[in-house]
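Next come the chains, spelled out residue by residue.
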Amino acid sequence: MEEPLRRIRALYTASTITVYQAYGPAIGPDAARDGRFPPTWKRDRMTWIKPSFLWMMYRCGWGEKPGQETVLAVEITREGFEWALRNSCLSHYVHGVHADRAAWQRQVKRSPARVQWDPERDLHLRPLPHRSLQLGLSGEATQRYADEWLVSITDVTPQAQEIHALVKQHNLEAATRLLPNERPYPITNNLLKHLGA
């Protein structure tokens with residue numbers, strides 16, 4: 001079955017979805033230890049969450065990029081995630097999705113979340129022909145993410161390091177077995193259209 005160009009793929013349960021972020025030593029270890037973001041985490045900045053583990057590995061270089069050494073699996077409520085999707089706008093103007101550029105700019109100003117579709121990655125972090133979701137949260141969405149939607153925070157840096165080591169040993173089969181079981185995330189056609197998918 002052919003993979004659609006844009007699809008949300010994620011590790012999820014009946015009530016939660018796991019997204020990934022990577023932070024440096026001032027935030028990551030404390031967040032994992034306490035199960036919440038520490039005071040050093042800036043609520044007034046946009047924060048990007050990624051349901052794709054391998055896209056996060058591409059972004060943080062398997063947890064080896066400076067300032068992104070701790071890879072966090074952040075479990076949040078599906079209710080909150082879907083609120084963010086419904087209250088999002090695309091991060092760039094798309095002809096046919098928006099009435100015109102001015103309409104998109106108005107939507108950007110009032111939306112607390114941004115949707116960006118980036119090429120999904122393989123185990124070598126090479127781009128694949130289909131795209132994965134990145135979701136940027138700001139303002140009200142950031143507050144809700146930290147205070148209402150958060151269920152748990154887990155440090156998955158050791159998992160990332162183990163998978164990376166297997167990839168470097170060309171043992172892709174074993175590396176694949178350690179990946180999170182990401183499945184197509186169920187959302188309505190109307191919401192898919194809103195997300196430009």
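Our structure's up above, just so we're on the same page.
About the cut-offs
- Residues numbered from 1 in each chain as written.
- Predicted model: local features only at pLDDT ≥ 70, side-chain atom pairs only at ≥ 80, totals over all residues.
- Heavy atoms only, no water.
- Phe/Tyr/Trp six-rings, centres within 6.5 Å; stacked < 30°, edge-to-face > 60°.
- Helix = DSSP H or I, 4+ residues; strand = E, 2+ residues; numbered from the N terminus.
- Lys NZ or Arg CZ within 6 Å of the ring centre and 35° of its normal.
- Buried < 20%, exposed > 50% of the residue type's maximum accessible area, 1.4 Å probe, protein only.
- Pairing = 2+ DSSP bridges.
- Contact = heavy atoms within 4.5 Å.
- Axes fitted to C-alpha atoms, helices over the stretch in contact; angles between N-to-C directions.
- Parallel < 35°, antiparallel > 145°, perpendicular 65-115°, else oblique.
- Nonpolar A, V, L, I, M, F, W, Y, C, P; charged D, E, K, R; others polar.

Below, the discussion takes up the packing of aromatic side chains. Scanning the model with the defined rule gives nine aromatic pairs in all. Residues phenylalanine 81 and tyrosine 185 carry aromatic rings whose centres are separated by 5.4 Å and whose planes lie at 85 degrees to one another, so their mutual orientation is edge-to-face. In this pair, phenylalanine 81 sits in helix α3 (residues 78-86) while tyrosine 185 sits in the loop between β9 (183-184) and α8 (189-194), placing the two residues 104 residues apart along the sequence. Ring pairing ties together the aromatic residues Tyr23, Phe37, Trp41 and Tyr145, which thus form one cluster. The ring of tyrosine 12 has arginine 183 lying over it, and the distance from NZ or CZ to the ring centre is 4.0 Å.

Attention now goes to unusual backbone geometry. Here tryptophan 62, not a glycine, exhibits a phi torsion of approximately 60 degrees, which is positive. Tracing the backbone through its elements, the reader meets tryptophan 62 in the loop between α2 (53-60) and β4 (70-77). Even without being a glycine, histidine 170 presents a positive backbone phi close to 65 degrees. Structurally, the position occupied by histidine 170 is in the loop between α6 (157-168) and α7 (172-178). Overall, the relative accessible area of 68% leaves histidine 170 in the exposed class.

Before going further, it helps to examine the sheet that holds β9. Strand order in this open sheet of five strands is β8-β4-β2-β1-β9, and the pairing throughout is antiparallel. Each edge of the open sheet carries a strand with a single partner, namely β8 (150-155) and β9. Note: strand β1 (residues 9-12) against strand β2 (residues 16-23), two bridges, orientation antiparallel. Counted as the bridge partner of leucine 11 is threonine 18 from β2. α2 rests against β2 and β4 of the sheet, and its axis sits at about 10 degrees to β2.

On to the packing of α3 against helix α5 (residues 140-149), then. Viewed as axis vectors pointing N to C, α3 and α5 meet at an angle of 175 degrees, and their least axial separation amounts to 10 Å. On the basis of their axis angle, the class for α3 and α5 is roughly antiparallel. On α5, the residues that touch Gly80, Trp83 and Ala84 of α3 are Glu140, Ala141, Arg144 and Trp149. Counted by class, the contact of α3 with α5 contains four nonpolar, one polar and two charged residues.

Each strand in a sheet pairs with its neighbour through backbone hydrogen bonds, running either in the same direction (parallel) or in the opposite one (antiparallel). What the four strands build is an open sheet, ordered β3-β7-β6-β5; its pairing is mixed. Edge positions in the sheet fall to β3 (47-49) and β5 (88-90), since each of these pairs with one other strand and no more. Each adjacent strand pair in this sheet contributes to an overall mean axis angle of 40 degrees, direction not counted. Two elements, strand β6 (residues 113-121) and strand β7 (residues 127-137), share eight bridges in a ladder whose sense is antiparallel. Along β7, the bridge assignment pairs valine 115 with leucine 135.

By themselves, these figures tell us nothing about what the structure is for.
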